[in-house]
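# Coordinates in review
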Amino acid sequence: MFRHLHLLCCFMLISASAGSQIIAVGDNGDFPNLEALDGLVSAGDTVQLEAQIFSDGTQFLVDWIGTEASPIVILGAIDHQSIFRGGTEAIHLIDCNYVVIDGIRVEQQTGNGINIDDGGDYSTPSTHITIRNCLFRDMAGAGNNDLLKMSGVDSFFIQECQFLNGGSGGSGVDFVGCHWGVVEDCFFEDPGVTGIQCKGGTQFIRMQRNTFKNVSQRALNLGGSTGLEFFRPPLPDPIVDAFEAADLEVFSNVFIGSRAPVAYVGSVRVKVYNNTFYNPDNWVIRILQENTATGFLVCGDNEFRNNIVYLPGDLTEVNIGPNTASETFGFSNNLWFNASSDSWTPNLPVPDIDQIIDDPLFEDPVNENFIIPSNSPAVGAGLTVETPVTDFNNWPFLSPPSIGAFEGGEPSSQADLESKNIHVQLFPNPAMHSIWVDGERNQSRLVFLNTLGQVLKRIDNISLPVRVDVSDFPAGVISVLLVDLSSKRAHARRFIKR
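All values derive from a computational prediction rather than experimental measurement.

### A short note on the sheet that holds strand E38 (residues 425–427)
In a beta sheet, neighbouring strands are held together by backbone hydrogen bonds and run either parallel or antiparallel to one another. Read from one edge of the open sheet, three strands run E38-E39-E42, paired in antiparallel fashion. Only two strands of the sheet have a single neighbouring strand rather than two, namely E38 and strand E42 (466–469). Recorded for the sheet is a direction-independent mean angle of 30 degrees between the axes of neighbouring strands. Across three bridges, the pairing between E38 and strand E39 (residues 434–438) is antiparallel. The residue bridging Gln425 from the neighbouring strand is Asp438, located in E39.

### Describing the pattern of salt bridges
Taken as a whole, this structure holds 18 salt bridges when the rule is applied. Residues Arg137 and Asp138 are paired through a salt bridge, measuring 3.4 Å at the closest nitrogen-oxygen approach. Across the salt bridge formed by Glu368 and Lys213, the nearest N and O atoms sit 2.7 Å from each other. With Glu368 in the loop between strand E37 (356–357) and helix H2 (414–421) and Lys213 in strand E21 (residues 211–213), the pair connects residues that are 155 residues apart, well separated along the chain.

### Overview of the pairing of strand E1 (residues 22–25)
Of the two faces of E1, only the one carrying Ile23 and Val25 is buried; Ile22 and Ala24 on the other face are not. Relative to strand E2 (residues 46–49), E1 runs parallel, the two being bridged by four bridges. Opposite Ile22, over in E2, you have Thr46 as the bridge partner.

### Brief notes about the side chain of Glu189
Structurally, Glu189 can be placed in strand E18 (residues 187–189). Among the residues examined, Glu189 registers a relative accessible area of 19% and is labelled buried. Once residues lying within four places of it in the same chain are set aside, the contact partners of Glu189 are Phe163, Leu164, Asn165, Lys213, Asn214 and Arg498.

### Concerning the packing of aromatic side chains
All chains considered together, the criterion is met by 23 aromatic pairs. The interplanar angle of 90 degrees and the centroid separation of 5.0 Å between the aromatic rings of Tyr264 and Phe329 together place this pair among those described as edge-to-face. Here Tyr264, found in strand E26 (residues 260–265), pairs with Phe329, found in the loop between strand E33 (316–320) and strand E34 (330–332); they are 65 residues apart in sequence, far enough to count as distant. Phe329 gets classed as buried once you look at its relative accessible area, which sits at 6%. Note on Phe304 and Phe331: the rings are 5.5 Å apart at their centroids and 45 degrees apart in plane angle, and the pair reads as tilted. Residue Phe304 is found in strand E31 (residues 303–305), and its partner Phe331 is found in strand E34; the two are separated by 27 residues along the sequence. No difference in accessibility class separates Phe304 from Phe331, as the two residues are buried. These aromatic residues form a ring-pair network of at least three members: Phe136, Phe163, Phe188, Phe212, Phe255, Phe277, Phe304, Phe331, Trp336 and Trp344. The side chain of Arg286 reaches across the aromatic face of Trp283, ending 4.0 Å from its centre.

### Here we look at the sheet that holds strand E25 (residues 254–256)
Read from one edge to the other, the open sheet built from twelve strands follows the order E3-E6-E9-E12-E15-E18-E21-E25-E29-E32-E35-E37, with strand pairing classed as parallel. Single-partner strands in this sheet number two, and they are strand E3 (53–54) and E37. Where E21 meets E25, three bridges bridge the pair, whose relative direction is parallel. Bridging across to E25, Phe212 finds its partner in Phe255.

### Examining the environment of Asn307
Counting through the fold element by element, Asn307 comes out in the loop between E31 and strand E32 (308–311). Taking the C-alpha atoms as reference, Asn307 lies 16 Å from Pro396; in sequence the two are 89 residues apart. Polar side-chain contacts of Asn307 include one of 3.0 Å to the backbone oxygen of Arg305.

### Topic: the pairing of strand E13 (residues 148–151)
Residues of E13 alternate between two faces, with Leu148 and Met150 on one and Lys149 and Ser151 on the opposite face, all of them buried. Strand direction decides the pairing type here: strand E10 (residues 112–117) and E13, joined by four bridges, are parallel. Paired with Asp117 across the two strands is Ser151, which belongs to E13.

### A few points about the environment of Ile65
Mapped onto the elements of the fold, Ile65 is located in the loop between strand E4 (59–62) and strand E5 (72–76). Taking the C-alpha atoms as reference points, Ile65 and Leu34, separated by 31 residues in sequence, lie 15 Å from one another. In this structure, Ile65 is in contact with Ala43, Ile72, Asp95, Cys96 and Asn97, ignoring residues within four places of it in sequence.

### Digging into a negative patch on the surface
Among the surface-exposed residues, Asp27, Glu35, Asp38, Asp56 and Asp63 lie close enough to one another that they form a single negatively charged patch. On the secondary structure map, Asp56 appears in the loop between E3 and E4. Residue class for Asp56 comes out partly exposed when judged on its relative accessible area of 47%.

### Structural notes on the side chain of Gln159
Tracing the sequence through the fold places Gln159 in strand E14 (residues 153–159). Looking at Gln159, its side chain comes within polar contact range of the side chain of Glu184, at 3.2 Å.

### Here we look at the nonpolar core
Counting residues in each nonpolar core, the largest one holds 75 residues, and the members touching the most others are Trp64, Ile158, Phe175 and Tyr264. Not counting chain neighbours up to four residues away, the residues in contact with Trp64 comprise Leu34, Leu37, Asp38, Gly39, Val41, Val47, Ile72, Ile74, Asp95, Cys96, Asn97 and Val99. Counting 18 residues, the second-largest nonpolar core is a separate cluster that includes Val254, Ile372, Phe392 and Phe427.

### Quick word on the state of the cysteines
Counted under the stated rule, the structure contains zero disulfides. Cysteine Cys96 shares no disulfide, and the gap to the nearest cysteine sulfur, in Cys178, comes to 14 Å. A relative accessible area of 0% places Cys96 in the buried class. For the unlinked cysteine Cys299, the closest cysteine sulfur is that of Cys198, found at 13 Å.

What counts as what
- Within each chain, residue numbers correspond to sequence positions counted from 1 in written order.
- Confidence filtering applies because this is a predicted model: local features only for residues at pLDDT of at least 70, side-chain atom pairs given and counted only at 80 or more, and all residues used for totals across whole chains, interfaces and linings.
- Derived side-chain values reflect all non-hydrogen atoms in the structure, with water molecules and hydrogen atoms excluded from consideration.
- In this description, strands pair whenever DSSP reports at least two bridges between them.
- Secondary structure elements are taken from DSSP: a helix is a run of H or I of four residues or more, a strand is a run of E of two residues or more, and numbering for both begins at the N terminus.
- Only the contacting stretch of a helix is used when fitting its axis, a line to C-alpha atoms as for every element, and angles between N-to-C directions run 0 to 180 degrees.
- A side-chain nitrogen of Lys or Arg and a carboxyl oxygen of Asp or Glu constitute a salt bridge if their distance falls within 4 Å.
- Relative accessibility decides the category of a residue: with a 1.4 Å probe and only protein chains considered, values under 20% of the type maximum give buried, values over 50% give exposed, and everything between is partly exposed.
- Any two residues having at least one pair of non-hydrogen atoms within 4.5 Å are treated as being in contact.
- Only rings of Phe, Tyr and Trp enter the pairing, Trp through its six-membered ring, and a pair is recorded when the two centres are within 6.5 Å. The plane angle decides the type: under 30 degrees is stacked, over 60 is edge-to-face, the rest tilted.
- A ring has a charge above it when a Lys NZ or an Arg CZ is no more than 6 Å from the ring centre and no more than 35 degrees off the ring normal.
- Within 3.5 Å is the distance limit for a polar contact, defined as a pair of N or O atoms, with the added protein rule that one can donate a hydrogen and the other accept it, and that residues adjacent in sequence qualify only through two side-chain atoms.
- Candidates for patches are residues over 30% relative accessible area with no salt bridge; among them, like charges are joined within 9 Å and nonpolar side chains (Val, Leu, Ile, Met, Phe, Trp, Tyr) within 5 Å.
- Under the convention used here, a 1.4 Å probe and the Shrake-Rupley method define accessible areas, while residue burial counts only the protein chains that appear.
- The sign given to each residue is positive for Lys and Arg and negative for Asp and Glu; His and the chain ends receive no count.
- Charged groups are reduced to one reference atom each: NZ for lysine, CZ for arginine, CG for aspartic acid, CD for glutamic acid.
- Only buried residues count toward a nonpolar core. Its members are Ala, Val, Leu, Ile, Met, Phe, Trp, Tyr and Cys residues joined through side-chain atoms within 4.5 Å.
- Note on terminology: disulfide denotes any pair of cysteine sulfur atoms within 2.5 Å.

Below, the structure is given as structure tokens:
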């Protein structure tokens, strides 16, 4: 079902064509702002934004068309120092294809942070859009204002972004009628009423290895309630078998707090696998049907498997609304633990097959380290599934996998051993002052790099685990390269420096 994703990932790795140009934008550049380039950019061009504050209002970019081999790249010259501040929106892309936005900061808008759409005509959706290593924060609007809003966008990639302090009535990311996309390795803290919302016919979206912290209502709103005229593709007349969202995948994420981490709302065929939920505020799961128009499928045929749920005390595990088919849900191989009761069991709409009720033995939950040790009851207790393949730290899941977002089992084959030994675990992630680096090798070299590939720190001949001071590192995404000095094999991971 993710047949578009291979092309989506590959196009970012192909260098621009020989005829491309680098265009400097800013007070000392070739053009003062992005909108001044409208109609002048071509496939393969790199638009390099100077390190400054851009406060020219919404930058409307229409028909910026790159290609698979030569995307158009909008790049912050210095990580997060090209700052789009204020205005109704920072950037609004309309009918654009193969565009990459990398390394910018978006803050204090009154409407939406960045808005990407199909110009109101889904026959020409925006496609192959990549948002990478961007910082969205401090929304100035208090209503339904989204840090990132996408409507009628297909084949997209959102990676290693931060969504902080959003509008009190909006979302970190709001998808309306979007298809074939990935949101991975992102961090959401207080992004609005929802972290990610998928509605209006949204389908085939994978959300993996993200952190959702203190979302005021629903960390993931898997569905929603959309005006019928806003569905992409347009609804048929009469409406038959319509849905707010379908075929979504929620893999290897960490949820901290939030009133309801997961809400299935008018959605079907949604898989929530191998996530870790820690101290939700009111519910773990909501099952709702907000759109009751004739011809819509009822919320059902969804799954919740291989998850760890750690509760601080009494709350309602599942909130079930009217007009739903909760009896068609699948629950299995979840580990539940209530820190306030030895006799507690969860109240679920259907039996949780092979359920475990026990302490998962997190390494350091107070400091948001939810790695599990090899003696955790979650290890090896998961249902073997085709996906996800890797855990929150991008370690491979074993077979059978551990329950939760982190694989805690020991490798059972030489291939697994070699793979695991060159992996590196980083926590906390994001980090502010220091970060623990853990792995299986002793004589190792650690190299820390910024997004430009510049070496920030190198440590030779260390033994893991080790705590590294990162307080002087720049804010943004930091790459960590772990090199085993005996075999010269290496593995890279990334963390967000705050």
